[in-house]
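Tertiary structure, described
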Amino acid sequence: MGTQDHMKIGMQEGHEIIVKESEEIFPFLRDLQLHHVHFERHA
Amino acid sequence: MLYSAVWDSFEQSTAREGTPSHAEVVRKLDALTDKPSRKVVLHIRFPDLYDPPLSCIESPVTELNLGFVKEGLVDEWYPRAKSCMSHMRRIQAEGQEGLRALTFGRAVEDVTGSVYLVGWNSIEVRVSVVWRT
C-alpha cells in the first residue's frame, strides 16, 4: 500500500528516454496509468 | 492507492479469495476508496527473464505502468514490449544511476493487460539516456 507521486520523473528535464519510449508505446495502448509509488510494509 | 501482494502461485492467491480474512481485507480497502466500483484487481505473471518484482517493490520508489492494449494489437504489442525491455536491460547493465530493478508481466485475467515495474533509488533520479530502437 502506498501513496502516489504522479509523473514527476517523466516531466523532469533530461528524461528523454521516457518521452521517446512513450512515443513507441502509446499507439498500442487504449489506457495507460503511470504512478510512482512508495510502498509501506503492513503485517 | 495501490495494494500489492506477491504470491508463489496463482492458485494460492485464488484459494485465499474464499476465506473470511480475505473478505475482511477487501472490506477495509473498499472503505478507504471513494469509488470501489472503479477498483481494478489483476494477477500479473512476471517471468524469470527479468528482475524479481519484489526487487522493484522494495526499492525506495517504484514506477508502476499499468497498460491495456487496443483491440487487435495484442500480437504486435508483446514483441514491442519485449524489445523495450531489452533496451532497458542494456541500460541497466551499463550501470544506469538510480535504476535498481525492472520487470514486465502480463495479466492473467485480461490478455490486453500488462504491467511494467521499475525500482528507483529516488523520485528525483535523472535518466538522460536517449531512446534508440
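Fair warning: this is a prediction, and the values are worked out from it, not measured in the lab. (Residues numbered from 1 in each chain as written. Chains lettered and ligands numbered in written order. Predicted model: local features only at pLDDT ≥ 70, side-chain atom pairs only at ≥ 80, totals over all residues.)

Considerations on the overall build of chain A
The condition that has to hold: Elements are defined by DSSP. Helices are runs of H or I of four residues or more, strands are runs of E of two residues or more, and each kind is numbered from the N terminus. Exposure in this text rests on C-beta crowding, where 20 or more other C-beta atoms within 10 Å of a residue's own make it buried, 12 or fewer make it exposed, and counts in between make it partly exposed. The C-beta atoms are placed from the backbone.
Across its full length, chain A holds 2 helices and 2 strands. Secondary structure of chain A in N-to-C order comes out as β-α-α-β. For chain A, the residues scored as buried account for 12% of the 43 residues in total.

A few points about helix 2 (residues 20-32) of chain B
Let me state the cut-off plainly: Helix span, as expected, comes to 1.5 Å for every residue beyond the first.
Taking 1.5 Å of rise per residue, 13 residues should cover 18 Å, and helix 2 of chain B covers 19 Å from first to last C-alpha, within 8% of that figure. Within helix 2 of chain B, only 0 of the 13 residues are buried, which leaves the element largely exposed.

Some thoughts on the nonpolar core
Definition in use: By convention in this section, buried Ala, Val, Leu, Ile, Met, Phe, Trp, Tyr and Cys residues joined through C-beta atoms within 7 Å make up a nonpolar core. For every residue pair, C-beta atoms are placed from the backbone, and the pair is scored as a contact if these atoms sit within 7 Å.
Grouped together as the largest cluster of nonpolar side chains are 18 residues, with contacts concentrated most on Cys 56, Leu 102, Val 115, Leu 117 and Val 118 of chain B. Elements supplying a minimum of two residues to this core: strand 2 (29-39) of chain A together with helix 3 (53-57), strand 2 (61-69), strand 3 (99-107) and strand 4 (113-120) of chain B. For this core, the element with the highest residue contribution is strand 4 of chain B, accounting for 5 residues. Setting aside chain neighbours within four positions, we find Leu 102 of chain B in contact with Tyr 50, Asp 51, Cys 56, Met 88, Gln 92, Leu 117 and Val 118 of chain B.

Comments concerning the pairing of strand 4 of chain B
Residues and elements named next belong to chain B. Heads up, the condition is: For two strands to be treated as a pair, DSSP must find no fewer than two bridges joining them.
In terms of burial, strand 4 is a largely internal element, 7 of the 8 residues being buried. In this sheet, strand 4 lies alongside strand 2 in antiparallel orientation, the contact comprising 8 bridges. Considered in strand 4, the bridge of Glu 63 is made with Val 118. Examined bridge by bridge, strand 3 and strand 4 share 7 bridges and lie antiparallel to one another. Paired with Arg 106 across the bridge in strand 4 is Ser 114. What sits between the antiparallel neighbours strand 3 and strand 4 is a turn of 5 residues.

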